[in-house]
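# A structural walkthrough
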Amino acid sequence: MALRPLLLIAAALAAATAPAAAFYLPGLAPVNFCEAGKEKPECKSGIELFVNRLDSVESVLPYEYTAFDFCQAEGKKRPSENLGQVLFGERIEPSPYRFTFNKKETCKTVCTKTYDTTKPEEKQKLDFLKKSMLLNYQHHWIVDNMPVTWCYDVEDGQRFCNPGFPIGCYITEDGRPKDACVINSEFHEKDTFYIFNHVDIKIYYHVVENEALGARLVAAKLEPKSYKHTHPDNPDCSGVPMDISNKASGEVKIAYTYSVTFHEEKNIRWASRWDYILESMPHTHIQWFSIMNSLVIVLFLSGMVAMIMLRTLHKDIARYNQMDSTEDAQEEFGWKLVHGDIFRPPRKGMLLSVFLGSGTQILIMTFVTLFFACLGFLSPANRGALMTCAVVLWVLLGTPAGYVAARFYKSFGGEKWKTNVLLTSFLCPGIVFADFFIMNLILWGEGSSAAIPFGTLVAILALWFCISVPLTFIGAYFGFKKNAIEHPVRTNQIPRQIPEQSFYTKPLPGIIMGGILPFGCIFIQLFFILNSIWSHQMYYMFGFLFLVFIILVITCSEATILLCYFHLCAEDYHWQWRSFLTSGFTAVYFLIYAIHYFFSKLQITGTASTILYFGYTMIMVLIFFLFTGTIGFFACFWFVTKIYSVVKVD
């Protein structure tokens, strides 16, 4: 679906910036190939080409290969897909393109499609093909579990390898070439589509040291071309390009052909065969400096925050503990004054405890998923592994969610434990599922391949109701069974009056300020992640992402603790919701950035695509809100417990 893309194609290579070593892909064995007539059980001669769904940067709606009128593979079984692939809208199918290892083919016919524009059904198929060329839809082909790439030169003499290639392109009415039409000067007819009906495929292989095993494929590259085959039965792959005028009527014939050549590549080993794609990614070279820069700034700020806290607090505690005389005690000031109210239960304690439960679930899920991604387990060859891992972990982490929610709800003095468990199980997951379901209805209506099949929806509901909910109940049972959290100071019967607050200690300015620092350390990574989701670029910097995740946790904690300290010094003891919202406000900056990204970086057109973009963005914002808010609350809770346990209170 739209939330899909090549996060899966994205190798977990960058646990460092170094290229992958042989440690590269846990759990995936290479396939050996040998020439026809020399086959052995461990080595085969036939190479299959699979096709994935087609997508576009101008539309959020992907379509499966069979939705277009291309050459189809007859009677071949499609490979099974895992949960992550289905959720990300991947639809891998067999193709009619078949090769034999080390056998050169030149201008081989695949099939010929004929359209009679006087017949409504055939005209509709041709119009769909034209619309997809206008929106620059891209093929995604797979050979030996690797993307077939189209490599071309970009500015500064760099070479970019795209894991997809366009169906075709369009020359506008005023003669301006759109998208891929710039590659060929022969594409010049106004208001005309040019379809790439021929591909030159180059397959690179590496001979295994032990020659008896054969060879392994290390790269597959292609070049899309357009030919108007005058003799479709006996094509020669030369002559003028295949043009389809926008106003064309009568019969249109498109012959699809391919050529394939094999080349030995001694320098690339199987274990590092993804490197050439990842090294060609635009921006990544420039961004290392920016990422390191933001890490240094954040670490510097963290050091400052820690130093201020330790020095000031140390002085406060020493001063409070030296006050022996009653006169001194009457002159108490600052945060010690509110010791009798600091653990007073917050308003809407039920909702806060439910948010904390869901936030804990998301926090642990993110940590474990990123940890596995850094180790290379969620690599590109394990298609869909990232999403599958995240969903399974979320389902299994129902127990900590129930436990945390129950523990805090009990400490807030709540007694409606059944309502608490039900809300923890259904409130936040229910909002996400409802949004997801509405987006899915739009995708169904548009006939997109990203629409989740009904069976998969039932399976997701079964995982939620039959595994996650019972686990949440188990966690809540143990949470309620334990004694309430012991606070270091007693709470007074009568609430203390809060004095008039200055502007910056009022709740709203503090909350708005609190989100700036954490957002500052993630927005560069956010750019890459949004690119991978909406612009179909590969994301492989899991090592950096893990580092940024750790820094986000530290920054959220420190910013919240700092603001919490200022508010306590101003004798405002309502810290629970404020600490949650201070770091949770980072999600609002995330939303603002996503809106800016939509208008400044994306070329998405159409109402359905726009609704889908913002629908999926709202899911991400909610998850991010719960995740950052929970970090802030736990940090502040630890801080408050710590400082009030070391001061002497009469």
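Residues numbered from 1 in each chain as written. Predicted model: local features only at pLDDT ≥ 70, side-chain atom pairs only at ≥ 80, totals over all residues. Heavy atoms only, no water.

Scanning the chain for helices and strands turns up 16 helices and 17 strands. Each principal axis of the C-alpha distribution contributes one length, and for the chain these read about 105 × 60 × 50 Å. Across the 650 residues that make up the chain, the buried fraction comes to 55%. Counted over contacts in the chain with a minimum sequence separation of 6, partners at least 24 positions apart contribute 79%. (Helix = DSSP H or I, 4+ residues; strand = E, 2+ residues; numbered from the N terminus. Buried < 20%, exposed > 50% of the residue type's maximum accessible area, 1.4 Å probe, protein only. Contact = heavy atoms within 4.5 Å.)

Bringing the side chain of Ser353 into the picture now. Mapping Ser353 onto the fold places it in helix 6 (residues 349-375). Residue classification places Ser353 among the buried residues on the basis of a relative accessible area of 0%. A polar atom in the side chain of Ser353 sits 2.9 Å from the side chain of Asn420. Leave out the neighbours within four places in its chain, and Ser353 touches Ala405, Phe408, Tyr409, Phe412 and Asn420. (Polar contact = N/O pair within 3.5 Å; in protein donor to acceptor, adjacent residues only side chain to side chain.)

Sheet topology places strand 5 (residues 105-116) next to strand 17 (residues 251-264); nine bridges connect them, and they run antiparallel. Its bridge partner being in strand 17, Thr109 is matched across the sheet by Thr257. As judged from the eight bridges shared by strand 14 (residues 198-207) and strand 17, these two strands associate in the parallel manner. Residue Ile201 lies in a different strand from strand 17, and its bridge partner there is Val260. (Pairing = 2+ DSSP bridges.)

Right, let's talk about helix 10 (residues 454-481) for a bit. Since the α-helix packs 3.6 residues into each turn, any two residues three or four apart lie on the same face. When the terminal C-alpha atoms of helix 10 are compared, their 40 Å separation across 28 residues agrees well with the 40 Å that a helix rising 1.5 Å per residue should span. Taken as a whole, helix 10 carries its principal kink of about 30 degrees at Ser468; the proline Pro470 stands between one and four residues after it. Taken together, the buried positions of helix 10 are occupied by Thr456, Leu457, Ile460, Trp464, Ser468, Val469, Thr472, Gly475, Ala476, Gly479 and Phe480. Those residues of helix 10 that are buried are in contact with helix 1 (83-87), helix 6, helix 7 (385-396), helix 8 (398-411) and helix 9 (417-446). (Expected span 1.5 Å × (residues − 1). Bend = angle between axes of the 7 residues up to and from the residue.)

A few words now on the pattern of salt bridges. Taken as a whole and judged by the stated rule, the model has 18 salt bridges. A salt bridge links Glu105 to Lys108; its shortest N-O distance comes to 3.8 Å. Looking at Glu105, the relative accessible area reads 14%, which means it is buried. Judged by relative accessible area, which is 36%, Lys108 ranks as partly exposed. One salt bridge connects Asp127 with Lys123, and the closest N-O pair in it is separated by 3.2 Å. Residue Asp127 and its partner Lys123 are located together in helix 2 (residues 120-134), separated by four residues, close to a single helical turn. (Salt bridge = Lys/Arg side-chain N within 4 Å of Asp/Glu carboxyl O.)

With that settled, the discussion passes to the sheet that holds strand 15 (residues 215-225). An order of 5-17-14-15 is seen for the four strands of this open sheet, with the pairing classed as mixed. Every other strand in the sheet has two partners, leaving strand 5 and strand 15 as the edge strands with one partner each. The average angle at which neighbouring strand axes cross in this sheet is 20 degrees, direction not considered. Where strand 14 and strand 15 come together, ten bridges link them in antiparallel fashion. Residue pairing for strand 15: His206 is matched across the bridge by Arg216. (Axes fitted to C-alpha atoms, helices over the stretch in contact; angles between N-to-C directions.)

So, on to the confidence of the model for the chain. Taken as a whole, the chain shows an average pLDDT of 86; of its residues, 91% reach a score of 70 or greater. A low-confidence stretch, residues 1-27 stays under pLDDT 50, and its non-local contacts, those more than four residues away or across chains, total 107 contacts. (pLDDT = per-residue confidence, 0-100.)

Below, the discussion takes up the sheet that holds strand 7 (residues 141-143). On the basis of which strands lie adjacent, the open sheet formed by four strands has the order 4-1-7-8 and antiparallel pairing. The open sheet terminates on both sides in strands that have one partner only, identified here as strand 4 (93-100) and strand 8 (146-147). Summarising the sheet, strand 1 (residues 46-51) and strand 7 pair through three bridges and their orientation is antiparallel. Pairing of Val51 across the sheet is with Trp141, part of strand 7.

Core analysis: the largest hydrophobic core is formed by 177 residues, its most contacted members being Phe99, Leu129, Trp141, Trp335, Trp534, Val640 and Tyr644. Among the elements that make up this core, the one with the highest residue count is helix 16 (residues 607-646) (20 residues). Not counting the four nearest positions on each side in its chain, Trp335 is found in contact with Leu313, Asp316, Ile317, Tyr320, Tyr565, Leu568, Cys569, Ile643, Tyr644 and Val647. Grouped together as the second largest cluster of nonpolar side chains are six residues, Ala406, Tyr409, Val421 and Ala476 included. (Core = buried A, V, L, I, M, F, W, Y, C linked by side-chain atoms within 4.5 Å.)

Residues other than glycine seldom take positive phi values, yet Asn102 does so here, at roughly 60 degrees. Looking at the element boundaries, Asn102 is found in the loop between strand 4 and strand 5. The class for Asn102 is partly exposed, based on a relative accessible area of 30%.

This paragraph deals with the packing of helix 12 (residues 516-534) against helix 15 (residues 586-600). At a minimum axis distance of 10 Å, the contact between helix 12 and helix 15 shows a crossing angle of 40 degrees. Between helix 12 and helix 15, the crossing angle belongs to the class labelled oblique. As helix 12 packs across helix 15, the resulting crossing turns out to be right-handed. In this structure, helix 12 uses Ile516, Pro518, Phe519, Phe523, Leu526, Phe527, Leu530, Asn531 and Trp534 to contact helix 15, whose residues at the interface are Thr586, Tyr589, Phe590, Tyr593, Ala594 and Tyr597. Taken together, the residues that form the contact of helix 12 with helix 15 break down as 13 nonpolar, two polar and no charged. (Parallel < 35°, antiparallel > 145°, perpendicular 65-115°, else oblique. Left-handed = near helix turned anticlockwise from the far one by under 90°. Nonpolar A, V, L, I, M, F, W, Y, C, P; charged D, E, K, R; others polar.)

Take the packing of aromatic side chains next. Summed over all chains, the structure comprises 64 aromatic pairs. Ring centres of Phe519 and Tyr589 lie 6.1 Å apart, and the angle between their planes is 35 degrees; this geometry places the pair in the tilted category. In this pair, Phe519 sits in helix 12 while Tyr589 sits in helix 15, placing the two residues 70 residues apart along the sequence. Assigned by exposure class, Phe519 and Tyr589 land together as buried. With a centroid separation of 5.0 Å and 85 degrees between ring planes, the pair formed by Tyr613 and Phe614 is classed as edge-to-face. Residue classification places Tyr613 among the buried residues on the basis of a relative accessible area of 0%. One residue, Lys221, lies across the ring of Tyr204, its end atom 5.3 Å from the ring centre. (Phe/Tyr/Trp six-rings, centres within 6.5 Å; stacked < 30°, edge-to-face > 60°. Lys NZ or Arg CZ within 6 Å of the ring centre and 35° of its normal.)

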